[in-house]
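# Summary of the model geometry
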Amino acid sequence: MRENSVVTEPLAEAHPLHVLCPTFTVTPSAVAEVARQVRALCEDAAGTLPFHGWHHVSFVRSKGAVFARHNGADVALVETAALVHDVNYLVRRNSLAEDGRELRMRILATAGVPIAVAEHIDEVVCEAEMRTRNRDISPAAQALSDADTLFKALPVTPVMLAHRYLDENGVSLRELATKIVGEQRDVHTEGYYFYSDQAAAMYSRWATANLELWQCIVESLDDPSVAELLTAVA
Ligand SMILES: [Fe+2]
């Protein structure tokens, strides 16, 4: 990955939220404590979190920091948001980010994150959700979204991890394929699949191939011979 070329690009203009709320950051010790808690929770639940486990959380944290350095968002805040963005899957399978709010706020409070900052982190997490995000989300949410979206668009994800998503969330292949195409097609067509120009330049080909694959999967499931094949191997 050409991360160095990403972080040396000029910073984007500050988002209004940053102007209004310049103290929205997280101390290094609090970030470390949030990471410790989330990692422990993920490892305790490893058997039920084959997709959204610590491997996913740490990937999104790492890439979120790269994208935050590029777009001017607070790096520690984005890292913390990444650490708690999927705790809803610890609460209930196949759930939404908002379903993890109580646990998210408890983790942040235990780590000593001030309530106003914790509430902002929760807002950033909800802003960045693929299902509902729009073109105008905050830079912090953009950095988080790009990192989470990149994980979905990696060429290895459908091959190595999609079956884990099915197991973890108790959904069928048709349900997952329909969800992916339904949520991602419009943002891809409208040009904000990735918010960062660098992410778009580096990963759009992967994203396009990934989306085309999932569209083909949806179509293939209507072919009786494919349905028969899947029944045979189920
Ligand atoms: Fe995620």
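As a convention, each chain's residues are numbered from 1 in the sequence order in which they are written. For this predicted model, a pLDDT threshold of at least 70 governs which residues receive local features, and a threshold of 80 or more governs which side-chain atom pairs are given and counted, while totals over whole chains, interfaces and linings are taken from all residues.

### Quick look at the overall build of the protein chain
The criterion, for reference: A run of H or I in DSSP becomes a helix once it reaches four residues, and a run of E becomes a strand once it reaches two; helices and strands are each numbered from the N terminus. Two things to know: the radius of gyration comes from C-alpha atoms, and the globule rule equals 2.2 Å times the number of residues to the power 0.38. Exposure classes come from backbone-placed C-beta atoms, where a residue is buried if 20 or more other C-beta atoms lie within 10 Å of its own, exposed if 12 or fewer do, and partly exposed in between. Residues are defined as contacting one another if the C-beta atoms placed from their backbone atoms lie within 7 Å.
Tallying secondary structure elements over the protein chain gives 13 helices and zero strands in all. Along the protein chain, helices (α) and strands (β) appear in the sequence α-α-α-α-α-α-α-α-α-α-α-α-α when read from the amino end. A compact globule built from 234 residues would reach a C-alpha radius of gyration of about 17 Å, and the protein chain, at 18 Å, matches this within 12%. C-alpha extents for the protein chain along the principal axes are approximately 60 × 40 × 25 Å. With 234 residues in all, the protein chain has 38% of them scored as buried. Here the analysis covers contacts within the protein chain between residues at least 6 apart in sequence; of these, 68% occur between residues at least 24 apart.

### Points about the nonpolar core
Condition: As used throughout, a nonpolar core is a set of buried Ala, Val, Leu, Ile, Met, Phe, Trp, Tyr and Cys residues joined through C-beta atoms within 7 Å of each other.
Formed by 55 residues in total, the largest nonpolar core has its most connected members in Val34, Val78, Ala81, Val84, Ala140 and Leu144. The dominant element in this core, judged by the number of residues it contributes, is helix 9 (residues 139-153), at seven residues. The residues contacting Leu144, other than those within four sequence positions of it, are Gly64, Val78, Ala81, Ala82, His85, Val124 and Ala128.

### Overview of helix 10 (residues 156-169)
Filter applied, for reference: Between the first and last residue of a helix there are one fewer steps than residues, each counted as 1.5 Å, and that sum is the expected span.
Over its 14 residues, helix 10 runs 19 Å from end to end, which matches the ideal 20 Å to within 8%, given 1.5 Å per residue. Looking at the residues trailing helix 10, positive phi occurs at Gly170, about 65°.

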